[in-house]
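# Coordinate inspection notes
This is what each chain is made of:
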Amino acid sequence: MTLLDIDGLKTYYGADDGWVRATDDASLSIERGETVGLVGESGSGKTTLAKSIIRLLPDNAEIVDGSIEFDGTEITELSDKELRRQIRWSEISMIPQNAMNGFDPVYTVGDQIVEVIRHHEDDTSKAEARERGRELFDDLGIDPDRIDDYPHQFSGGMAQRAMIALALALSPSLVLADEPTTALDVVIQDRILETIKEMQEELNSAMIMITHDMSVVSETCDRIAVVYGGRIVELADAETIITNPRHPYTLGLRNAFPDISDDDQELISIPGSPPELVDPGEGCRFAPRCPFAEEECWEVTPQPESYGDGHQVECHRADEIEHLQAEAGKKET
Ligand code: ATP
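Residues numbered from 1 in each chain as written. Predicted model: local features only at pLDDT ≥ 70, side-chain atom pairs only at ≥ 80, totals over all residues. Heavy atoms only, no water.

So, about the sheet that holds strand S9 (residues 223-228). The strand order across the open sheet built from 8 strands is S6-S7-S8-S3-S9-S10-S12-S11, with neighbouring strands paired in mixed fashion. Strands at the two margins of the open sheet, each flanked by one partner only, are strand S6 (92-95) and strand S11 (305-306). Judged from the 6 bridges that link them, S9 and strand S10 (residues 231-237) form a sheet pairing that is antiparallel. Bridge pairing in S10 places Arg223 opposite Asp237. (Pairing = 2+ DSSP bridges. Helix = DSSP H or I, 4+ residues; strand = E, 2+ residues; numbered from the N terminus.)

Structure follows, in structure tokens:
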């Protein structure tokens, strides 16, 4: 059953030189309990897409077009008050990139968890909310007595776990996890990802996992949306994205993580940097970096084409990708 249906979403930031088209015509739907990865380089628009869903955008951002339907409710039409009361934390929660920024430094972590629970559950007493916080801490491997600590008394890994506790405290149907482990060291990263997955499965929450790390999404996600220049350029189940991608950018991303790529496939590298998102104009945004770009790519913005089983690709040359890859391989050898 569809939980979230994003259609033609455009979220732009006002800047001195024009609109930054950070999310530009994105469409994506998510089933209950499903995990979808948003993967792409820094600045591709992943966070903007996630923050649009929970409407936690900065003041200079505007949702200029499109719809976000969550469980039958049109998110873009809710007032801030309705959103806080009905949706944020209780139905959709977010684990931010850096948990320390998610907590208010002047209150204890426990008080903040109690506050979020009681804001949504009138009948829950302070003592009950606190007990739930302690149980979540315990589940997440934090000593429950640390609930009375202030955020600055936590290590980065503990703060991230506490943020996960907060994000899961009201059993939301959708969790937005924005690079939940990048600020942490590698050993802790794996443990935290495992914990998030376990808790998510227990609650049967859907999750959007944002990362630039292809190996993280390949291990944790059912489907993967590859984001480039504010657009979802390829969308498919995780296995297809890893073993049979059709967008040249996905090929390049995958090859940046050689441990997940198939040895038989030719490696395509992607030099260059992400595109300018202020008035990017017509044409494929990846064309300047694409080894296979031809005239049409520079002039016409590709639209999503279906390749069966929910596999969608925005690329004029997606039909020819295997041949193009093989040719590129021959030239290199
Ligand atoms: P990262 O992994 O670095 O967070 P991202 O893929 O999540 O990157 P976004 O943070 O969504 O990308 O940024 C998308 C684009 O929007 C970038 O070009 C960025 O510079 C721009 N942007 C983000 N926030 C603002 C803002 N408040 N004002 C203007 N432009 C912004």
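Moving on: the packing of aromatic side chains. Applying the stated criterion to the full structure yields 5 aromatic pairs. Between Tyr228 and Tyr249 the ring centres are 4.5 Å apart and the planes differ by 55°, which places this aromatic pair in the tilted class. Taken as a pair, Tyr228 in strand S9 and Tyr249 in helix H10 (residues 248-255) lie far apart in primary sequence, 21 residues in all. Residue Tyr249 is classed as buried on the basis of its relative accessible area of 0%. Arranged with centres 5.1 Å apart and planes meeting at 80°, the rings of Tyr228 and Phe286 form a pair that is edge-to-face. Of this pair, Tyr228 sits in strand S9 while Phe286 is found in the loop between H10 and helix H11 (295-299), placing the two residues 58 residues apart along the sequence. One exposure class covers both Tyr228 and Phe286, and it is buried. An aromatic cluster of at least three residues, connected via ring pairs, comprises Tyr228, Tyr249 and Phe286. (Phe/Tyr/Trp six-rings, centres within 6.5 Å; stacked < 30°, edge-to-face > 60°. Buried < 20%, exposed > 50% of the residue type's maximum accessible area, 1.4 Å probe, protein only.)

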